[in-house]
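# A look at the structure
What follows is each chain in one-letter form.
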Amino acid sequence: MKNIYLKLQLLLLALGAAGFLQAQPGLFDLDVIQKIEIHFDNPDWDYMLDTAKLGANQYSMADWVKINGVFFDSVGVKYKGSSSYDSSFKKNPFHIKLKKFKSHNYQGYTDLKLANGYGDPSMIREVLSYYILGNYMACPKSNFAEVYVNDEYIGLYTNDEPVNKKFVSDNFYSSKNTFIKCSPELPGPASKCNLAYLSDDSTAYYGHYEMESDYGWKDLIGICSMLANEPEKVAEVFDLDKVLWMLAFNNIMVDLDSYSGWFSQNYYLYKGSHGLFNVISWDMNMSLGGFPFAGGANGSSGSLTIPNMQQLPPFLHQNDADWPLIKAVLANPQYRRMYMAHFRTIAFDFIVNGKYKQMAHLLQGMIDNAVKADHNKFFTYEQFINGLTDNVQSGSYFIPGISVLLDGRATWLQNEPEFKKVPPAIDEITVVNEHPHIGENAVVNVAVSGNGDKDVYLAYRYGITERFIKVRMFDDGQHDDGVAGDNVFGASFPMTGPEAHYYIYAENSDAGIFSPANAEHVFYTITAASLELPAPGEVVINEFLAKNEEAETNEYGTYEDWIELYNTTDRAINLYGLYLSDNFKKPKKFAFPEGTVIQPHAYLPLWADDQPSTSQYIHVSFKLSADGEELILSDGEGYVVDSLTFGPQQPDVSMGRCPDGVGEFRFIDEPTFGAPNTCPAGIPESKSDNIRIYPNPASTGILVKNLLGTGISVQLFNCLGTVVFSDEAAVVARTIDVSGLANGLYILKIMDASGRIIRVEKVVISKYRVEHQVCII
């Protein structure tokens with residue numbers, strides 16, 4: 001790998017490129033151990049952090065922090081945690097806040113949450129648990145980090161993605177709604193976050209929950225009141241599918257330091273744009289039996305034995321008022337069958353077949369040397385090596401070896417009556433009209449077999465932020481299902497947009513089954529008949545303001561971020577079928593509504609404030625980061641119309657193309673919302689400045705054009721320095737076909753008609769499966 005990067009650096013030097021930063025690993029890449037270096041001027045830094053933790057819990061300023069070699073000065077650092085923190089520990093958990101004192105970010109992230117492996121002899125419980133759960137619902141990413149303070153190796157940590165506004169924006173496409181942390185500062189049975197109704201007075205909830213949004217106590221009281229008085233309405237308040245996945249995971253993986261355990265904690269609630277509350281799991285260092293306290297009928301004061309945990313009943317707490325969410329869900333027969341369908345899916349995907357062991361061995365092998373060198377870990381190296389097979393005593397109870405717990409659990413579950421119940425089989429799903437035109441019905445047929453009467457449902461939606469609508473499917477010969485009574489069920493729904501998502505659920509009186517098995521997290525997609533989309537460069541991101549303090553107010557009277565699009569053509573262009581996003585990996589954050597037309601050589605301003613659109617302006621479902629991020633206009637499936645990456649922004653200073661539509665982005669002191677850009681005077685008219693390269697990142701093609709009208713030739717190099725495209729004909733414009741090239745970083749060299757190099761540009765080819773800055777070979 002070193003030779004590869006050396007070749008790339010030599011190539012860049014040969015091309016005359018400056019300012020190249022070596023590609024960094026993704027902050028949460030699972031196969032990379034991060035290196036985090038912290039430096040304090042104060043040699044008594046541990047005492048300083050202990051004092052801050054035990055006092056007002058404030059951040060101390062580190063002189064600098066390096067993340068994988070990237071330097072940040074003046075960074076906020078503090079100790080975090082409750083049971084995992086102790087002033088006597090040399091290895092305490094860290095919270096690093098890059099933007100506490102300065103506007104720093106690393107790959108768009110401003111916070112690092114580093115857990116110290118407390119209570120886990122295997123050192124992999126948290127990473128393994130998040131890896132498994134991520135197959136079924138939105139949850140934090142997690143990997144490992146070696147942490148150094150003042151050049152001393154403190155030890156190997158778990159690096160967990162923070163659950164903050166960036167997380168909810170990336171996963172639920174909004175960030176301004178009610179957002180509740182359900183992890184008390186002092187956890188225990190007296191401070192449960194179990195969603196029990198306490199009072200109509202919000203102060204009664206202060207010791208239990210922490211509000212991460214500007215408002216929301218009324219919403220929380222409403223949730224608790226509903227569970228106490230109208231539990232049958234649970235699916236009208238919660239995103240039920242995420243609740244079912246979380247509860248099934250907690251139970252099968254014996255994660256009792258969660259809502260399902262004695263303290264009922266370590267999760268978040270976020271109200272999505274669809275009006276339902278999403279549950280988000282957090283803090284899994286004691287999953288897989290590391291916290292053996294179930295509470296309730298299973299012993300509120302005593303710990304479970306390892307056989308107790310292996311045989312933990314699937315319907316734990318189903319009749320216990322101290323767990324009102326579990327009680328409400330399991331009281332509904334259909335929800336109960338759905339819960340067990342998800343339970344079986346996790347069991348058969350990872351536990352019964354032993355697949356969890358493959359991942360566990362890979363993780364332990366990767367971190368072996370880092371653990372061996374960690375002299376501050378809480379267990380011995382031998383206990384780490386045997387973390388899958390050996391039980392380890394911790395105080396009054398035993399922490400089970402991971403395979404001791406899960407293999408025993410798999411054996412017991414396969415003889416457990418509820419687990420053994422047999423659902424129908426979904427044999428085949430057919431979309432009768434594969435690409436319906438907008439306005440037509442999409443018709444779905446499902447062949448279902450198995451004993452007993454069967455109920456089959458089709459669930460569909462038109463966008464990632466919408467609720468799924470569930471409709472009954474019929475086998476009566478009257479619902480586009482063919483012959484009545486042939487076990488082929490049919491249903492249809494109107495195709496009102498460029499795509500629709502759907503899944504199937506079937507059940508008998510005993511059990512249910514989903515297709516895809518990990519629905520709703522995964523779903524099938526129907527795309528409408530092809531829409532005519534603009535070519536790259538015909539509509540461009542023309543200007544944006546990411547830090548609006550006094551520049552312009554929206555129709556709600558508030559200063560908000562905005563983005564301006566520009567039509568470079570002589571014809572009106574319909575944006576329906578396109579998406580706008582601030583994340584290359586999640587390109588479908590905002591879908592343009594039907595009838596969104598931008599006139600020839602006209603501007604379309606969009607408020608990026610996560611507010612409802614009005615008849616006056618379109619409002620997109622995300623905000624811009626003043627610390628720098630990405631913007632992409634695409635069809636959401638790899639066809640990019642325009643894109644850009646920008647760095648830190650200044651208050652009330654926009655960035656815009658100069659000149660409009662085709663120029664390079666420059667800071668504009670006087671933003672021009674929906675109007676021609678007021679470009680700085682004295683913009684140089686060199687040959688380089690008149691070269692236009694777009695889109696970048698690209699997925700199918702890159703257009704290179706010389707606005708001066710003189711001939712240019714181009715060459716494209718991969719990371720090894722190999723020429724992957726070359727055209728030495730001196731033409732004014734050239735489109736490079738990159739559809740067959742691998743994702744990653746490439747170097748574009750542009751020469752004038754005489755062969756002199758006039759521009760070298762880094763370009764990224766991305767189909768949304770890699771980090772923007774990673775060089776893929």
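Computed from a predicted structure; not experimentally measured. (Residues numbered from 1 in each chain as written. Predicted model: local features only at pLDDT ≥ 70, side-chain atom pairs only at ≥ 80, totals over all residues. Heavy atoms only, no water.)

### Focus: helix α11 (residues 355-372)
Because each turn of an α-helix spans 3.6 residues, side chains separated by three or four positions in sequence point in the same direction. Under the convention used in this document: The secondary structure listing takes helices from DSSP runs of H or I that are at least 4 residues long and strands from runs of E that are at least 2 residues long, numbered from the N terminus. Residue count minus one, scaled by 1.5 Å, sets the expected span of a helix. Here the term buried applies to any residue with accessible area under 20% of the maximum for its type, exposed to any over 50%, and partly exposed to those in between, with areas from a 1.4 Å probe on protein chains only. Note on contacts: a residue pair qualifies if any of its non-hydrogen atoms lie within 4.5 Å across the two residues.
Taking 1.5 Å of rise per residue, 18 residues should cover 26 Å, and α11 covers 26 Å from first to last C-alpha, within 8% of that figure. When we look at burial in α11, the residues that qualify are Y356, M359, A360, L363, Q364, I367, D368, A370 and V371. At its buried positions, α11 is contacted by α3 (125-133), β6 (142-149), β7 (152-160), α10 (333-351), α12 (381-385) and α13 (402-413).

### What about the nonpolar core?
Side chains that are nonpolar tend, in soluble globular proteins, to be buried together. Inclusion rule: Joining through side-chain atoms within 4.5 Å is the link that ties buried Ala, Val, Leu, Ile, Met, Phe, Trp, Tyr and Cys residues into a set, and such a set is a nonpolar core.
Membership of the largest hydrophobic core comes to 112 residues, with the highest contact counts inside it found for L195, F238 and L269. With ten residues, the top contributor of residues to this core is α10. Among residues more than four places away in sequence, those in contact with L195 are Y209, L220, I223, C224, L227, F238, Y259, Y267, L269, P324 and L325. Formed by 27 residues, the second largest nonpolar core is a distinct cluster that contains W45, A62, L112 and A145.

### Some points on the sheet that holds strand β25 (residues 579-581)
For sheets, the rule is that strands pair by backbone hydrogen bonds, running either parallel or antiparallel. Applied cut-off: We treat two strands as partners when DSSP finds at least two bridges between them.
Read from one edge of the open sheet, four strands run β26-β25-β30-β31, paired in antiparallel fashion. A strand with exactly one partner marks an edge of an open sheet, and here the two such strands are β26 (590-591) and β31 (640-646). Pairing analysis gives two bridges linking β25 to β26, with the strands arranged antiparallel. Bridge pairing in β26 links Y579 to A591.

### Regarding the pattern of salt bridges
Formally: Salt bridge, as used here, is a side-chain nitrogen of Lys or Arg placed within 4 Å of a carboxyl oxygen of Asp or Glu.
With the rule as written, the count across this model stands at 21 salt bridges. We note a salt bridge from D374 to K91, for which the minimum N-O separation is 2.6 Å. On the criterion of sequence distance, the pair formed by D374 in the loop between α11 and α12 and K91 in the loop between β3 (70-79) and β4 (94-97) is long-range, its members being 283 residues apart. Taken individually, D374 and K91 each receive the classification buried, so the pair is uniform in this respect. With its nearest N and O atoms 3.1 Å apart, the salt bridge here joins E418 to K421.

### Some details on the packing of α3 against α11
Selection criterion: Geometry is summarised by axes, namely lines fitted to C-alpha atoms with helices restricted to the contacting stretch, and by angles between N-to-C directions that run from 0 to 180 degrees. Roughly parallel covers angles under 35 degrees, roughly antiparallel covers those over 145, roughly perpendicular covers 65 to 115, and oblique covers all other angles. Throughout, a crossing is termed right-handed when the near helix is turned clockwise from the far one, and left-handed when it is turned anticlockwise from it by less than a right angle.
One way to put it is that α3 packs onto α11 with a least axis distance of 10 Å and a crossing angle of 135°. The angle between the axes of α3 and α11 places the two elements in the oblique class. Crossing handedness for the pair α3 and α11: right-handed. Residues V127, L128, Y131 and I132 of α3 form the contact with α11, whose own contacting residues are Y356, M359, A360 and L363.

### Focus on α10
The cut-off we apply is this: The definition of a polar contact used here is a pair of N or O atoms within 3.5 Å, where within protein one atom must be able to donate a hydrogen and the other to accept one, and adjacent residues in sequence count solely through side-chain atom pairs.
In this model α10 runs 26 Å from its N-terminal to its C-terminal C-alpha over 19 residues, within 8% of the 27 Å that 1.5 Å per residue would give. Most of α10 is tucked away, with 15 of its 19 residues classed as buried. A side-chain oxygen of the first residue of α10 lies 2.9 Å from the backbone nitrogen of Q334; this N-cap is N332.

### Here's the deal with the packing of aromatic side chains
The criterion, for reference: Side-chain rings of Phe, Tyr and Trp, where Trp is taken by its six-membered ring, are said to pair if the distance between their centres is within 6.5 Å; with planes under 30 degrees apart they count as stacked, over 60 as edge-to-face, and otherwise as tilted.
As enumerated under the stated definition, the model contains 49 aromatic pairs in all. Both rings, one in W262 and one in F293, keep their centres 5.9 Å apart while their planes meet at 40°; by these two values the pair is tilted. With W262 in the loop between α7 (240-252) and β10 (267-271) and F293 in the loop between β11 (277-281) and α8 (306-310), this residue pair connects regions lying 31 residues apart in the sequence. Given a relative accessible area of 19%, W262 falls into the buried group. With relative accessibility at 13%, the residue F293 sits in the buried group. Judged by centre distance (5.9 Å) and plane angle (40°), the rings of F315 and Y339 are tilted. Residue F315 is located in the loop between α8 and α9 (324-330), and its partner Y339 is located in helix α10; the two are separated by 24 residues in the primary sequence.

### Remarks on the side chain of E560
Formally: Within this scheme the basic residues Lys and Arg register as positive and the acidic residues Asp and Glu register as negative, but His and the chain ends are omitted.
For E560, the location among the structural elements is in the loop between β22 (539-545) and β23 (561-567). No salt bridge is formed by the buried E560; the nearest opposite charge belongs to K623, separated by 4.4 Å. Of note is the side chain of E560, whose polar atom sits 3.0 Å from the side chain of T558. Aside from chain neighbours lying at most four places away, what touches E560 is N548, E552, N554, W607, D609 and K623.

### Notes on the packing of α7 against α10
Interhelical geometry of α7 versus α10 gives an angle of 50° and a closest axis separation of 9 Å. Taken together, the axes of α7 and α10 are oblique relative to one another. The handedness of the crossing between α7 and α10 comes out as right-handed. Where α7 approaches α10, its residues L240, D241, L244, W245, L247, A248, F249, N251 and I252 are matched on the opposing element by Y335, M338, Y339, H342, F343, T345, I346, A347 and I351.

### Observations concerning the environment of V279
Position of V279 among the secondary structure elements: in strand β11. Judged by its relative accessible area of 1%, V279 is buried. Residues V279 and D239 lie 40 residues apart in sequence; the distance between their C-alpha atoms is 7.7 Å. When residues no more than four places from it in sequence are discounted, the contact partners of V279 are M137, F238, K242, V243, M246, Y268 and L269.

### Examining unusual backbone geometry
Leave glycine aside and you will find that most residues have negative phi; peptide bonds, for their part, are mostly trans. Look at the link from S515 to P516: it is a cis peptide, with omega at 0°. Its location among the elements puts P516 in the loop between β20 (512-515) and β21 (524-527). Cis geometry is found at the peptide bond from A519 to E520, where omega equals 5°. Mapped onto the secondary structure, E520 falls in the loop between β20 and β21. Residue V254 is not a glycine yet carries a positive backbone phi of 50°.

### Thoughts on the sheet that holds strand β35 (residues 701-706)
Read across the open sheet, the three strands follow the order β34-β35-β38; overall the sheet is antiparallel. Two strands close off the open sheet at either side, each with one partner strand: β34 (691-694) and β38 (733-737). Between one strand axis and the next, the sheet turns by 15° as a mean value, whatever way the strands run. Note that β34 and β35 share four bridges and pair antiparallel. Counterpart to I691 in the pairing with β35 is N706.

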